[in-house]
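One-letter residues, chain by chain:
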Amino acid sequence: MTVATKAVLDQKKIARAITRITHEILEQVDDHKSLGIIGILTRGAPIARRIAAQIKELEKIDVPVGLMDISLYRDDVHSKLDQPVVQTTDILFELANRNVILVDDVLFTGRTIRAALSQIVDFGRPKTIQLAVLVDRGHRELPIKADYVGVNIPTSKNDMVVVKLIENDGEDIVFVETEKLKQDKKGKN
Amino acid sequence: MSKLSSRHLLGLENVPRQDMELILDTSVTFREVIDRTIKRVPTLRGITVVNLFYEASTRTRISFELAEKRLSADIVNFSTSTSSVKKGESLRDTVQNIEAMKIDMVVVRHGSSGAPYFLTQCMDANIINGGDGAHEHPTQALLDMFTVREKYGSLDGLRVVLVGDIKHSRVIRSNIWGFKAMGASVALCGPSTLLPYEVEKFGCDVYTDIDEALDGADVVNVMRIQLERQKSGLFPSQREYTNLFGITKDRLKRLNKNYTIMHPGPMNRGVEISSEVADSKNSVILEQVTNGQAVRMAVLYLLSGRKEEEGS
């Protein structure tokens, strides 16, 4: 098995995508003061902060940013196959009557977003919830759609979409790893 | 990605430090959950937990029960006074019948040391020790460690004194293994009649003079003195115990600044600890109780769904 890597977004393109998402949010949501941004841990968090920073620059408004770990709301917690360390959810603003923007790095099956929606509902009743993602890679298993998308990437289901962000990984890059099976399948692992 | 090296929690002896760290780190998350308006997450939906209490308990039982409810588990409570144990049913038969009703986890408190281990041999459920005889009470020690870690940031290098009935206290045993594994130095203090044989094998400093034990310590964990021990002649009178080992305000002068007073409850006020000390600002006794829920949620979460083939 070999792995082919294809770069999709570099630092500049990531910055442009986030800027465009920010403008779209400001265009869609009339009352900017009602905005609240929730980043899904781990890599939705820095994107959420960047969007908030850009809104501050453009509109001089401090939009509250919350962080959410969805592990406790996953529908596969009992399988324990690939259990991540649970991180702490930190939403310090009132959700009632907010227009909440939920932010994640990659939208794939939609199950993470389903878990995040369940969790938000337990925290309060926002006026609206919209979804912003840096990458939409398709293959949804639930009826979930993003309102703001940085880039659509066609992938096969076994591909890995890797997002690295400066805050967590020291660099901004998005790439796709594709497993290429050797023609005689003996080579597989 | 990480998980515990065992699918049961029977005690802290021989539990690797990284397991304890994982439990404490996960507890931070659950500590936040119990401060939410809706103190409930759906994590253990579909998991059935039996609370099997063969001995009296207030804190531990309520704390486990709330932890289970806050994780959305289904719960069955069992206490010996209202069950067929009265009719003479054995522990093995009792749990095998309960397991036949498809339960997933058991929290057990029992007067006999080793009862939780025995359960692992006759059933498939994940077993959590809620206190067994004079052996261990691991979740109590974990919540003590969590409470101290919240205050100091780390247990490394702290001096912890455990005062009381070293011979019979399961809380002390679990505290010894836990705090030592996390890098604290542990001292034991109690009347010589309440020190076990070969106490030196714990690898702790042992004192029979409380003032010497408290010298330069950061944390004092005071154990309840079990009054039934007095009847069996292990110490002459409560009053003498209070005079020689009771934690009073005067004795605290020997401690380091920013010291912490702990007690696992239930307290005999005026016996092993004075009310003045128990209610002082350095006392974290009620925080221990709150943190206990978070730690038990973490343990339930980390053990749930763990099957035999992953290694025991």
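About the cut-offs
Residues numbered from 1 in each chain as written. Chains lettered and ligands numbered in written order. Predicted model: local features only at pLDDT ≥ 70, side-chain atom pairs only at ≥ 80, totals over all residues. Axes fitted to C-alpha atoms, helices over the stretch in contact; angles between N-to-C directions. Helix = DSSP H or I, 4+ residues; strand = E, 2+ residues; numbered from the N terminus. Left-handed = near helix turned anticlockwise from the far one by under 90°. Contact = placed C-beta atoms within 7 Å. Nonpolar A, V, L, I, M, F, W, Y, C, P; charged D, E, K, R; others polar. Expected span 1.5 Å × (residues − 1). Buried ≥ 20, exposed ≤ 12 C-beta atoms within 10 Å, placed from the backbone. Arc of directions from axis to C-beta. Domains from an automatic or database assignment.

1. Quick word on the packing of helix α5 (residues 138-152) of chain B against helix α11 (residues 285-303) of chain B
Residue and element names in this part refer to chain B.
Then comes step 1: Close contact between α5 and α11 brings their axes to 8 Å; oriented N to C, the two are set at 115°. Seen from above, α5 lies across α11 with right-handed handedness. Residues T139, L142, L143, D144, F146 and T147 of α5 lie in contact with α11, whose contacting residues are E287, Q288, N291, G292, V295, R296 and V299.
Then comes step 2: Considered class by class, the residues forming the contact of α5 with α11 number five nonpolar, five polar and three charged.

2. Digging into helix α1 (residues 17-33) of chain B
Residue and element names in this part refer to chain B.
Then comes step 1: Compared with an ideal rise of 1.5 Å per residue, which puts 17 residues at 24 Å, α1 spans 25 Å between its outermost C-alpha atoms and is within 8% of the ideal.
Then comes step 2: For α1, the complete set of buried residues consists of M20, I23, L24, T26, S27, T29, F30 and V33.
Then comes step 3: In this structure, the buried residues of α1 make contact with α2 (59-70), α5, α6 (170-181) and α11.

3. Details of helix α4 (residues 115-122) of chain B
Residues and elements named next belong to chain B.
Then comes step 1: For α4, the complete set of buried residues consists of A115, P116 and L119. With its buried residues spanning 100° around the axis, α4 presents them on a single face.
Then comes step 2: Here the buried face of α4 lies against α3 (91-99), β3 (105-110) and β4 (126-132).

4. Some thoughts on the domain arrangement of chain B
Residues and elements named next belong to chain B.
Then comes step 1: According to the domain assignment, chain B contains domain 1 (17-136 + 290-310) and domain 2 (138-285).
Then comes step 2: The distance between the C-alpha centroids of domain 1 and domain 2 comes to 26 Å.
Then comes step 3: At the interface, 19 residues of domain 1 touch 16 residues of domain 2.
Then comes step 4: For the side of domain 1 that touches domain 2, the secondary structure elements donating two or more residues are α1, β4 and α11.
Then comes step 5: In terms of residue class, the side of domain 1 that touches domain 2 is built from six nonpolar, eight polar and five charged.

5. Considering the environment of R36 of chain B
Then comes step 1: Turning to its location among the elements, R36 of chain B is positioned in the loop between α1 and β1 (48-53).
Then comes step 2: Separated by 158 residues in sequence, R36 of chain B and L194 of chain B have C-alpha atoms that sit 43 Å apart.

6. Examining unusual backbone geometry
Then comes step 1: Looking along the chain, the bond that leaves L41 of chain A and enters T42 of chain A is cis, with omega of 10°.
Then comes step 2: Here T42 of chain A is to be found in the loop between β2 (35-40) and α2 (44-59).
Then comes step 3: Cis rather than trans, the peptide bond between G265 of chain B and P266 of chain B has omega equal to -10°.
Then comes step 4: Its identity as a non-glycine residue notwithstanding, S72 of chain B has a phi of 65°, on the positive side.
Then comes step 5: Inspection of the secondary structure assignment puts S72 of chain B in the loop between α2 and β2 (74-79).
Then comes step 6: By the C-beta count within 10 Å, which is 15 here, S72 of chain B ends up partly exposed.
Then comes step 7: One non-glycine residue, E198 of chain B, lies in positive phi territory at about 55°.
Then comes step 8: The topology assignment puts E198 of chain B in the loop between β6 (185-189) and β7 (205-207).

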